[in-house]
Amino acid sequence: MTISEIELRRELLDKALAGAKLPEAIEYAHDMWRFVSGQDAALTYGPDSMTGWMRGATPVPMDEVARIVRAEVVGIALGPEGLWRRIDLEGDTLPMAAEAFDAHPIWGGMRDIVTDDGLHLVEIPKFWVRFEVRGDERLWWVSPRAREGFDLHPAFLAADGRAVAVLRVAKYLATDKAGKIGVAAGQTPWTSITIDEARRRCEALGQGWRMWSVYDQAAIQLLALIEMGTPDMQDAIARGNVDGDGVKPTGSTGAAWRGIHDLWGNVWQFVDGLRITSGGVIEVWHDLLPGSDAWVNTGVAYGPGKDDGFPTDLHTEQDRGFNLSLLFLPSEVSDDREDAIIPDYTWGRWQDRETIALRGGCWDCGGYAGVFALYLLNARSHAPSSLGFRPAFGF
């Protein structure tokens, strides 16, 4: 695909204006315009973290600049036989070294934050997402900025529909700090709490805080999947605390991606915004108004029903108010791991009652645990000692 010079100039000017103060944005825009119009041979496209530009180097040919702009879009494709491959904007296989993700605006833009109250968070820059079925493949892409065919990921929308600049999620599982939430390494995860009480504790942190949602976790799942090139995080990163050794202190298990710890193993985690009705229908938060007051009955029956197993297919239905293609929710499962498209286990729902969603697995789940592991057996009133939670904040 060829990007026209007019489109390229618009995209580069958009990059200049994003996140810069007005005087800086004007200067950057002038510099870029001189470059793309051939007026300034002293500017080139490069890896500067704010502008993407550096002075004093040899100008880059227009087709190379176009390639760099296109490379902002990275994705993952699921093909026949459960094979995953990393892809570029056109859907072609994309070999991408680990260090390339560190330079990418999304992955490279992630950073640690410590609040005035001592809460340790990881900040994720907002991104746009696209899903497409192409032949016998399903493809997901992310982009660090708006572009045609892409939608802002719901993790970056507040409950009133406002877009936020970044998502901040707890770096560690929540801990009990004299009845208030703490987020720090080396602490005992807060367990034996219901989902509704955990939600209240998160909201008590202040305006904009919530318990992390299915959309927040799905954003992390997608970014980890693209970067690692596989859904098997136990194999790609670390096994984690899954072999029956009991609950361990936060941040000590090795099950971490980009500084977010205990994404699998140790204790199960509530995720808000997803439930299965007593009749077996999937309900989610509205994808444009993601909050507890905006539930959408999708009318889609949860595929596996009461069956447990490894996912062999995924729900991708979408309609007004919901898009299941973003949630990595199994539509079919199998007892045979060899048939799986994701090696993490799914426990089916109880019949004839509403159930909530847990993710990740716990300290005794073994190879069944993982960032995609899903448990749909619990009622809202359950508060076991193997279940914790994590706050999040849109900023």
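Relevant structure appears above.
Read on for an overview of the structure. Residue numbering note: each chain is counted from 1, following its sequence as written. Only residues with pLDDT of at least 70 are given local features in this predicted model, and only at 80 or more are side-chain atom pairs given and counted; all residues enter the totals for whole chains, interfaces and linings. Computation of side-chain values: all heavy atoms of the structure, hydrogens and water removed.

## Brief notes about the overall build of the protein
Formally: Each helix is a run of DSSP H or I of at least 4 residues and each strand a run of E of at least 2, with the numbering of both proceeding from the N terminus. Working definition: with a 1.4 Å probe on protein chains only, accessible area under 20% of the residue-type maximum means buried, over 50% means exposed, and in between means partly exposed. By the convention used here, residues are in contact when the closest approach between their heavy atoms is within 4.5 Å. Note on areas: Shrake-Rupley, 1.4 Å probe, and residue coverage restricted to the protein chains presented here.
Looking only at helices and strands, the protein has 7 helices and 27 strands in total. Counting across all 395 residues of the protein, residues that qualify as buried make up 56%. Taking as baseline every contact in the protein between residues at least 6 positions apart, the subset at least 24 positions apart corresponds to 64%. Carbon together with sulfur atoms contributes 49% to the accessible area of the protein, which is approximately 16,500 Å² in total.

## Points about unusual backbone geometry
Residue Glu-81 is not a glycine yet carries a positive backbone phi of 65°. In this fold, Glu-81 is placed in the loop between strand E3 (74-78) and strand E4 (84-87). Of note, the phi angle at Ala-178 is positive, near 55°, even though the residue is not glycine. Tracing the backbone shows Ala-178 in the loop between strand E11 (175-177) and strand E12 (180-182).

## Concerning the pattern of salt bridges
Rules: Here, a salt bridge means any Lys or Arg side-chain nitrogen found within 4 Å of an Asp or Glu carboxyl oxygen.
Throughout the structure, instances matching the rule amount to 21 salt bridges. With its nearest N and O atoms 2.8 Å apart, the salt bridge here joins Glu-72 to Arg-145. Of this pair, Glu-72 sits in the loop between helix H3 (62-70) and E3 while Arg-145 is found in the loop between strand E8 (137-143) and strand E9 (151-152), placing the two residues 73 residues apart along the sequence. Arg-145 shares its class with Glu-72; the two are buried. Residue Arg-200 is joined to Glu-197 by a salt bridge in which the shortest nitrogen-to-oxygen separation is 2.8 Å. One end of the pair, Arg-200, and the other, Glu-197, are both in helix H5 (residues 195-203), 3 residues apart, so they sit about a helical turn from each other. Each of Asp-196, Arg-199, Asp-272, Arg-275, Glu-283, Glu-354 and Arg-380 takes part in one network of salt bridges that share partners.

## Quick word on the sheet that holds E3
Stated precisely, the cut-off is as follows: Paired strands, in this sense, are two strands between which DSSP finds at least two bridges. Here the axes come from fitting lines to C-alpha atoms, over the contacting stretch only for helices, and the angles between their N-to-C directions go from 0 to 180 degrees.
Spatially, the 5 strands line up as an open sheet ordered E4-E3-E8-E7-E9, and their pairing is antiparallel. The sheet is open, and its two borders are formed by E4 and E9, each paired with just one other strand. Examined bridge by bridge, E3 and E4 share 4 bridges and lie antiparallel to one another. For Leu-78, the partnering residue across the bridge sits in E4 and is Trp-84. Across the sheet, helix H6 (residues 214-228) touches E3, E4, strand E7 (128-134) and E8, and the angle it forms with E3 is around 85°.

## Notes on H5
Count 3.6 residues to each turn of an α-helix, and residues three or four apart come out pointing the same way. We count it as follows: In this description, the arc belongs to the directions extending from the helix axis to the C-beta atoms.
Along H5, the residues classified as buried are Ile-195, Ala-198, Arg-199 and Cys-202. Seen end-on, H5 carries its buried residues on one side only, within an arc spanning 100°. Packed against the buried residues of H5 are E12, strand E13 (209-211), strand E16 (268-276), strand E24 (355-359) and strand E27 (391-394).

## Some details on the side chain of His-153
Note on placement: His-153 falls in the loop between E9 and strand E10 (166-170). On the basis of relative accessible area, His-153 is assigned to the buried category, the value being 1%. Not counting residues up to four positions away in its chain, the partners in contact with His-153 are Phe-127, Trp-128, Val-129, Tyr-215, Ala-218 and Ala-219.

## Overview of the pairing of E8
Within E8, 7 of the 7 residues are buried, which leaves it mostly tucked inside the rest of the structure. The alternating pattern of E8 places Glu-137, Leu-139, Trp-141 and Ser-143 and Arg-138, Trp-140 and Val-142 on opposite faces, both of which are buried. Judged from the 5 bridges that link them, E3 and E8 form a sheet pairing that is antiparallel. Residue pairing across strands places Ala-77 opposite Leu-139, the latter belonging to E8. Strand direction decides the pairing type here: E7 and E8, joined by 7 bridges, are antiparallel. Bridge pairing in E8 places Glu-132 opposite Leu-139. Between the end of E7 and the start of E8, which pair antiparallel, lie 2 residues, with Gly-135 showing a positive phi angle near 65°.

This is a description of form; function is not addressed.
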